Amino acid sequence: QVQLVESGGALVQTGGSLRLSCAASGSIFSIGAMGWYRQGPGKQRELVGAITSGGSANYAVYVKGRFTISRNNANNTVYLQMNSLKPEDTAVYYCNAQISPSWYRPPTIYWGQGTQVTVST
């Protein structure tokens, strides 16, 4: 069984910073792309950004220049460094990952349970 567990969500003031982590565990053969999504109050879930297994990251326009995604393949963890936070960044943040549990099984998308980020004015 594969699990993704996010951590690092908190209440922070406008202009502050937070670093979220998402660790994958369980039966893992390989991990491809890993990504971060968010869902604000009354809004649909939206993409924040994603990073390939080789470390190339892309971002949504509304976070570009403020957020940075990185990963540590040795411990199956992806990070989201968030700087210059704004009230509109308030949301539950979810990570996902393309994971192959074994060499003979195709990758499946797994999701974490989410972590709350609240940015106060």
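Residues numbered from 1 in each chain as written. Predicted model: local features only at pLDDT ≥ 70, side-chain atom pairs only at ≥ 80, totals over all residues. Heavy atoms only, no water.

Explain the overall build of the chain to me, please; I cannot follow it from the model alone.
Helix and strand content of the chain: 0 helices and 11 strands. Along the chain, helices and strands appear, N-terminal first, in the series β-β-β-β-β-β-β-β-β-β-β. A compact globule built from 121 residues should have a C-alpha radius of gyration of about 14 Å, and the chain, at 14 Å, falls within 12% of that. Projected onto its principal axes, the C-alpha positions of the chain cover 50 × 25 × 25 Å. Within the chain, the fraction of its 121 residues that count as buried is 40%. (Helix = DSSP H or I, 4+ residues; strand = E, 2+ residues; numbered from the N terminus. Rg over C-alpha atoms; globule rule 2.2 N^0.38 Å. Buried < 20%, exposed > 50% of the residue type's maximum accessible area, 1.4 Å probe, protein only.)

So what exactly am I meant to see when it comes to the side chain of Thr77 here?
In this structure, Thr77 sits in strand S8 (residues 77-82). Classification of Thr77 as buried rests on a relative accessible area of 8%. At 2.9 Å, the side chain of Thr77 and the backbone oxygen of Asn75 are in polar contact. If sequence neighbours within four positions are ignored, Thr77 has contacts with Ser21, Cys22, Ala23, Ser70, Arg71 and Asn72. (Polar contact = N/O pair within 3.5 Å; in protein donor to acceptor, adjacent residues only side chain to side chain. Contact = heavy atoms within 4.5 Å.)

Where do I start with the pairing of strand S1 (residues 2-7) in this structure?
Burial along S1 is one-sided: the residues Val2, Leu4 and Glu6 are buried and none of Gln3, Val5 and Ser7 is. Examined bridge by bridge, S1 and strand S3 (residues 18-26) share 6 bridges and lie antiparallel to one another. The residue bridging Gln3 from the neighbouring strand is Ser25, located in S3. (Pairing = 2+ DSSP bridges.)

So what exactly am I meant to see when it comes to the packing of aromatic side chains here?
How two aromatic rings sit relative to each other is set out by the distance from centre to centre and by the angle between their planes. All told, the structure shown has 2 aromatic pairs when counted by the stated rule. Ring centres of Trp103 and Tyr104 lie 5.5 Å apart, and the angle between their planes is 85°; this geometry places the pair in the edge-to-face category. Here the two residues Trp103 and Tyr104 agree in accessibility, since each one is exposed. Lying over the aromatic face of Tyr94, Arg45 brings its terminal NZ or CZ to 3.7 Å of the ring centre. (Phe/Tyr/Trp six-rings, centres within 6.5 Å; stacked < 30°, edge-to-face > 60°. Lys NZ or Arg CZ within 6 Å of the ring centre and 35° of its normal.)

So what exactly am I meant to see when it comes to the state of the cysteines here?
What we call a disulfide is simply a covalent bond connecting the sulfur atoms of a pair of cysteines. Counted under the stated rule, the structure contains 1 disulfide. Residue pairing for Cys22: its cysteine sulfur links by disulfide to Cys95, the two sulfurs lying 1.9 Å apart. Measuring handedness by torsion sign, the sulfur bridge of Cys22 and Cys95 sits at about 45° and is right-handed. Taken together, the residues Cys22 in strand S3 and Cys95 in strand S9 (residues 91-100) connect sequence positions 73 residues apart. Residue Cys22 shares its accessibility class with Cys95, and that shared class is buried. (Disulfide = S-S within 2.5 Å.)

Before we go on, may I ask you to explain the pattern of salt bridges in this structure?
When the charged atoms of two side chains lie near each other, side chains of opposite charge can form a pair. One pass over the structure, following the stated rule, counts 3 salt bridges. Between Asp89 and Arg38 there is a salt bridge, with the nearest N and O atoms lying 2.9 Å from each other. With Asp89 in the loop between S8 and S9 and Arg38 in strand S4 (residues 30-39), this residue pair connects regions lying 51 residues apart in the sequence. Note on Asp89: relative accessible area 1%, which makes it buried. (Salt bridge = Lys/Arg side-chain N within 4 Å of Asp/Glu carboxyl O.)

So what exactly am I meant to see when it comes to the side chain of Thr115 here?
Along the chain, Thr115 falls in strand S11 (residues 115-120). Engagement of the side chain of Thr115 in a polar contact is seen with the backbone nitrogen of Gly9, the distance being 3.1 Å. Residues in contact with Thr115, not counting those within four places in the same chain, are Glu6, Ser7, Gly8, Gly9, Leu20, Ala91, Val92 and Tyr93.

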